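# Report on the structure
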Protein chains: 2
Amino acid sequence: MGINFIKLKVETKHRGGMMNNFADVLIDKINEKQNPSVVGLDPRFNKIPKFIVDEMIGKFGKNFQAIGMSFFEFNKGIINAVKDIVPAVKPQMAFYEQYGLYGVKAFEDTVRYAKSKGLIVIEDAKRNDIGSTAQAYSDGHIGMVDSFDGKEKSFDVDCITVNPYLGSDGIKPFIESIKNYGKGIFVLVKTSNPSSGEFQDVVTENGVRNYIIVAHNVNKWCDETIGSSGYGSVGAVVGATYPKQAEELRKIMPKSIFLVPGYGAQGGSAKDILPCFNKDGLGAIVNSSRGIIFAYEKNGRPEDFENASQEAALKMKDDINNALKEAGIWRW
Amino acid sequence: MGINFIKLKVETKHRGGMMNNFADVLIDKINEKQNPSVVGLDPRFNKIPKFIVDEMIGKFGKNFQAIGMSFFEFNKGIINAVKDIVPAVKPQMAFYEQYGLYGVKAFEDTVRYAKSKGLIVIEDAKRNDIGSTAQAYSDGHIGMVDSFDGKEKSFDVDCITVNPYLGSDGIKPFIESIKNYGKGIFVLVKTSNPSSGEFQDVVTENGVRNYIIVAHNVNKWCDETIGSSGYGSVGAVVGATYPKQAEELRKIMPKSIFLVPGYGAQGGSAKDILPCFNKDGLGAIVNSSRGIIFAYEKNGRPEDFENASQEAALKMKDDINNALKEAGIWRW
């Protein structure tokens, strides 16, 4: 807090005189780690190891502050365990926000800690509203908010997921933040859940499904944000559970990075995520949440949750890389 | 905080042995105030009267805490001014959340204060996600969250707006909270913004637009939640800026209450909102935000913002009631 606009301009990293492009930074990190996967930080109170919760009860009492601090302590362990393996983490805002201000504090602390460890932070929040309100979401999460001496950063995540149901005037404020602050968004196109087809798969009078219309718009928005990598900073959420649709969507949005949920706990396999990649072995980042962060449940040693998560993250990396190798598109 | 499940059951108000139905409570309040309108509490830092901001800087310094406390102080004034006029207030989460944890604290304080003054609180947050994550949103906003000794309430608003793009499995957790805790939701059907048609108005192969398909689903979900008033607790967001579509939607969802944005600052008139009402003069609640809470800007006396808002709220009430009278559906 307290960073004004001018200070931001000085602090912003530049690439060849231009502000960093989110897609370029994400692809650099993917190449550096040789790993197109992301760990979802979705804490659930009943699954946080008891020794952490007990410590926080001792410090704060039995209240939401202790729950929030338990989340942050748990996340620190996970981040330390996976920071050298994955390029990014994806905290799901719902799991923090449900505990009110102390949950949101845990989210903010987690974002700061993950960035300090060199990780890219993809906030999964699926925000959406009419133009003037979408502006407030964009300002708060990936832009700058009105403050005492101009504007300052608030959540300052690297990227946020966005719901397109309100159309382009609800997306534009996010695209402005992409351009002004080097950020990114992933727009929901074809989500991973069983009922995603009810409104996304509606067949239009031209014989094209609704998610295809969304995809063409994402491609158009993405075109305004292309970096030196050839990829743009308007990505798409495409579920691993729908590989056929992914194949079709990959062609419509060749320059968008796909954020791919549904691998692991939701039933998607490494083979299922292959259609989300381009022939260059890039263009997708695959998420796993429960399968990584609660991996300790399998060995039954909560005191050793970091190691269990590290092993699970490495296993996921190998699983995806092996599938890319078999498909002949492994690049490293 | 600290209310466990058993305590909640005891504290819950009952109507004829059944838990209160949100639609019934809202309609009771509308009848009591003879006013189907709602004030949107959408604070913007640059529009908060300077004397409030200065007081909070004196107490907290120039930081997000002072901004959050300015929002709450401003909201208290508005709530006091309109509490005897309107049945409900609608805080838009984006404007709070953008200031992080202190913004969310202002939201929580505002909800608590509005409820203590007998107002219904409709949270405008347009939340949405896959089933397991929608559960977390539902628990946090209108249900109960996992805690130390079972479950406890968190935001505990009366009602929340929800985006349907992910289909029914993202809606079901909210319907559970409606049934278990006497809460309500408004599902986005036809939003008030200029680009709402891009994905909502897509014509399907059966010649029906996508928002019509959403509307039929809302009607189905609503059917599970009908109260003694004949209305159900699954409402619909239908913009005042699309009166022709509202007419069509009123027929498809006869038992859903419409939350109607777009009146006033966005261009909708009292005549435009008439198709959102049923012949019984009920079935809709019309929102105005900027036009009410920043009404002081017209008289240029920020120190007198409460009175300006009170006058604007009364004027809106008269405007809507006159239109209902002219249409022959005024009921009081």
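Above this text sits the structure in question.
In this report, we go over the structure that sits alongside the text. (Residues numbered from 1 in each chain as written. Chains lettered and ligands numbered in written order. Predicted model: local features only at pLDDT ≥ 70, side-chain atom pairs only at ≥ 80, totals over all residues.)

### Section: the overall build of chain A
- When its secondary structure is counted, chain A shows 14 helices and twelve strands.
- Here the C-alpha radius of gyration of chain A, 19 Å, is about what a compact globule of 332 residues would show, namely 20 Å.
- Sorting the 332 residues of chain A into buried and exposed places 61% on the buried side.
- Intrachain contacts of chain A at a sequence separation of at least 6 include 72% that bridge at least 24 residues. (Helix = DSSP H or I, 4+ residues; strand = E, 2+ residues; numbered from the N terminus. Rg over C-alpha atoms; globule rule 2.2 N^0.38 Å. Buried ≥ 20, exposed ≤ 12 C-beta atoms within 10 Å, placed from the backbone. Contact = placed C-beta atoms within 7 Å.)

### Some words on the interface of chain A and chain B
- Across the contact, 59 residues belong to chain A and 59 residues belong to chain B.
- At the level of elements, helix H5 (93-97), helix H6 (100-116), helix H7 (131-142), strand E6 (144-147), helix H9 (197-200) and helix H10 (210-223) of chain A are the ones that each hand at least two residues to the side of chain A that touches chain B.
- When residues in the side of chain A that touches chain B are grouped by element, the largest group, six residues, is from H7(A).
- For the side of chain A that touches chain B, the class distribution of residues is 24 nonpolar, 24 polar and eleven charged. (Nonpolar A, V, L, I, M, F, W, Y, C, P; charged D, E, K, R; others polar.)

### Observations concerning the packing of helix H3 (residues 50-60) of chain A against helix H4 (residues 64-82) of chain A
Residues and elements named next belong to chain A.
- For the pair H3 and H4, the least separation of the axes is 9 Å and the interaxial angle reads 135°. By the angle class used here, H3 and H4 are oblique. When the axes of H3 and H4 are compared, the crossing they make is right-handed. Contacts between H3 and H4 involve Ile52, Val53, Met56, Ile57 and Phe60 on the former and, on the latter, Gln65, Ala66, Met69, Ser70, Glu73 and Phe74. (Axes fitted to C-alpha atoms, helices over the stretch in contact; angles between N-to-C directions. Parallel < 35°, antiparallel > 145°, perpendicular 65-115°, else oblique. Left-handed = near helix turned anticlockwise from the far one by under 90°.)

### Some thoughts on the sheet that holds strand E12 (residues 284-288) of chain A
Residue and element names in this part refer to chain A.
- Read around the closed barrel, eight strands run E3-E4-E5-E8-E9-E10-E11-E12, paired in parallel fashion. For this sheet, the mean inter-axis angle between neighbouring strands, taken without regard to orientation, is 30°.
- Sheet topology places strand E8 (residues 159-162) next to strand E9 (residues 184-190); four bridges connect them, and they run parallel. Across the sheet, Thr161 pairs through a bridge with Phe186, a residue of E9. (Pairing = 2+ DSSP bridges.)

Function cannot be inferred from these measures alone, as they are strictly geometric.
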